[in-house]
Amino acid sequence: MAMAGSTIAVRGEFDLAAAARFLTGFAPAGQPEAEPGALRVAFPLDGEWTPVGAVLRQRSPGEVTVEVHGPAGHADAVVAQVRRMCSLDVDGTAFPGVGDRDPVVSLLRGLHPGLRPVLFASPYEAACWAVLSHRIWMTQAVRLRRRLTERHGTEVDVGGSVLASFPPPAVLAKLEYLPGLPGPKVPRLRAIGEAAAAGMLDAAALRAMPAEEALNQLRLLPGIGRFSAELILIRGAGHPDVFPRGESRLHEIMRDAYHLPDAGVAELAEIAEAWAPFRSWVSFLFRVEGEARMRESR
């Protein structure tokens, strides 16, 4: 059922159509656009884990409307979660200043105007993707995630489009088998489900900690190393100001952009100091541009 809509005030530049295009092309969550420019999502609600959905539309540069779908009583929580998913819970008015300090970032912003990081629905879903995608081809991981969602998730009618919501933690905590899933990943997914059900993957709590403390806590989970912990904190909890030290692909793109073929991670992290307090945002734009160029070269 549809609940009353709500409005999100946008602080800084934001283009919902760009976010929708990114999500449509992002393999773990990609799906055809039912309405050009609109963004339809379905997900388990943080903490409550009820399957819900939302349709986002941008009527003006400073305003995004949210049409909520799901059981009554959850509208505010759904709106809060989609705000985080679109990085609208961060005041972006100072983001252009990063481009003023760094001409490479200025170029990136020009290539992708209004694009903010588009996140997983929760740290829980980001952690599951980290486990599923570890050391296998992206296409294999996408098939596994789709199979997991189809078998154990819930379908949600989101404004006329039926979308699959990811399985809630309690279901994942009891997972015994999934066709095609390597054996060691089953207990790791169960551990993620148990941790999320126990409140250990709360986005607000992770963002409130110093970044290194949050990363160290996440690395206590089975199968979660530095790269995966950064993914969960940045693309799950939505921390806006973390430079990913474990993401070698990002480092390669930066070396090329700054003409520093021999730069180490410490030197790249020093360059990224000028991006604060939006280091996660700039890193996201680098990845998007790097993937776009990779597709063009094929």
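Heads up: the structure comes first, above all this text.
Since we're looking at a predicted model, the values are computed, not measured.

**Some thoughts on the sheet that holds strand β3 (residues 51-60)**
Here comes step 1: Across the sheet, four strands lie side by side as β1-β4-β3-β2; this open sheet has antiparallel pairing. Since the sheet does not close on itself, it has two edges, and those belong to β1 (6-9) and β2 (39-44), each with one partner. Each strand axis lies, on average, 30 degrees off the axis of its neighbour in the sheet, ignoring direction.
Here comes step 2: Note that β2 and β3 share six bridges and pair antiparallel. Note on β3: the bridge partner recorded for A42 is G53.

**Topic: the pattern of salt bridges**
Here comes step 1: According to the stated counting rule, one finds twelve salt bridges in the structure shown.
Here comes step 2: Among the salt bridges present, the one from R57 reaches E67, with a minimum N-O distance of 3.3 Å. Highlighted residues: R57 in strand β3 and E67 in strand β4 (residues 63-69), separated in sequence by ten residues.
Here comes step 3: Residue E67 is classed as partly exposed on the basis of its relative accessible area, which comes to 26%.
Here comes step 4: In this structure, E273 engages R279 in a salt bridge whose closest nitrogen and oxygen atoms are separated by 3.5 Å.
Here comes step 5: Classification of E273 by relative accessible area gives partly exposed; the value is 48%.
Here comes step 6: When its relative accessible area of 17% is taken as the criterion, R279 is described as buried.
Here comes step 7: One continuous salt-bridge network, built from bridges that share partners, spans E212, R226 and E230.

About the criteria used
Residues numbered from 1 in each chain as written. Predicted model: local features only at pLDDT ≥ 70, side-chain atom pairs only at ≥ 80, totals over all residues. Heavy atoms only, no water. Pairing = 2+ DSSP bridges. Helix = DSSP H or I, 4+ residues; strand = E, 2+ residues; numbered from the N terminus. Axes fitted to C-alpha atoms, helices over the stretch in contact; angles between N-to-C directions. Salt bridge = Lys/Arg side-chain N within 4 Å of Asp/Glu carboxyl O. Buried < 20%, exposed > 50% of the residue type's maximum accessible area, 1.4 Å probe, protein only.

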